[in-house]
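# Fold and contact review
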Amino acid sequence: GEDVEQSLFLSVREGDSSVINCTYTDSSSTYLYWYKQEPGAGLQLLTYIFSNMDMKQDQRLTVLLNKKDKHLSLRIADTQTGDSAIYFCAEVVNTDKLIFGTGTRLQVFP
Amino acid sequence: DSGVTQTPKHLITATGQRVTLRCSPRSGDLSVYWYQQSLDQGLQFLIQYYNGEERAKGNILERFSAQQFPDLHSELNLSSLELGDSALYFCASSPSSSLRSYEQYFGPGTRLTVT
């Protein structure tokens, strides 16, 4: 199948780290992405990782990829209230389709 | 502001009707992608056009069709509308023909409500 699964909700305190997890199914995926959707807005690409990488760091964002378990995670360090949004992981399937996960709603409280 | 524009912002119509959603990509982008976001189906890729030609197809219903014009703007046509077609429809653009490019820029979306 082409299911990309994420937990639905995550609540963290401001200043803590957030970890959003994603499980994908297509072992041939070459690119995996994280997008952010703020209320009433479109999707914004946050970061991506190539399948030959285990980790990618981009400022406060760290992406970890475990190809064996088909598990992708996004860690946000020093989470701020402005990080409150829905986060989607996505994988490329068959080189021509982008499949999105169900989305994780991150709520950051003071 | 991503540079991708979509019109209209909101659309309310009745079952059985037909609507057209419009997307203008970022200047210079050749690829346009259409996505549907609904509560029960999540975010789904519908179709991609590159420089006027259909390039990839996702979960697009036969009642739906799209095209990309010589000026690179795109239209998504939805016909014989059903209540379940109510959703947010996003357009994205990219300079690349391949979905492997991470450079997809999303528009603000058109919210379609079918009553």
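Residues numbered from 1 in each chain as written. Chains lettered and ligands numbered in written order. Predicted model: local features only at pLDDT ≥ 70, side-chain atom pairs only at ≥ 80, totals over all residues. Heavy atoms only, no water.

## Considering the interface of chain A and chain B
Put simply, the test is: Only heavy atoms enter the contact rule, under which two residues are in contact if any of them lie within 4.5 Å. Accessible surface is computed with a 1.4 Å probe, and the buried area is the amount of it that two parts give up when combined, taken over both parts together. The salt bridge criterion pairs a side-chain nitrogen of Lys or Arg with a carboxyl oxygen of Asp or Glu, the two atoms within 4 Å. Throughout this description, a polar contact denotes any pair of N or O atoms lying within 3.5 Å of each other; where both atoms belong to protein, one of them has to be capable of donating a hydrogen while the other can accept it, and for residues adjacent in sequence the pair is counted only when both atoms sit in side chains. Strands are runs of DSSP state E lasting at least 2 residues, helices are runs of H or I lasting at least 4, and numbering of each runs from the N terminus. Each residue gets one label: Ala, Val, Leu, Ile, Met, Phe, Trp, Tyr, Cys and Pro are nonpolar, Asp, Glu, Lys and Arg are charged, and the others, such as Gly, are polar.
On the chain B side, the residues contacting the 17 residues of chain A number 16 residues. Of the roughly 1500 Å² buried where chain A meets chain B, counting both sides, 63% is carbon and sulfur surface. Summed over the shared surface of chain A and chain B, the result is zero salt bridges. There are one residue pair in polar contact (both at pLDDT 80 or more) connecting chain A and chain B. Within the residue set of the side of chain A that touches chain B, elements represented by two or more residues are strand 4 (31–37), strand 5 (43–50), strand 9 (85–93) and strand 10 (97–100) of chain A. Per-element accounting of the side of chain A that touches chain B gives the leading share, four residues, to strand 4 of chain A. Here the residues of the side of chain A that touches chain B are counted per class, giving 11 nonpolar, four polar and two charged.

## So, the state of the cysteines
Residues and elements named next belong to chain A. To keep things clear, this is the line we draw: The disulfide criterion used throughout: a pair of cysteine sulfur atoms within 2.5 Å.
Applying the stated rule across the entire model yields two disulfides over all chains. Sulfur-sulfur distance for the disulfide between Cys22 and Cys89 comes to 1.9 Å. Between Cys22 and Cys89, the S-S torsion sits near 70°, and that sign places the bridge as right-handed. Here Cys22, found in strand 3 (residues 18–23), pairs with Cys89, found in strand 9; they are 67 residues apart in sequence, far enough to count as distant.

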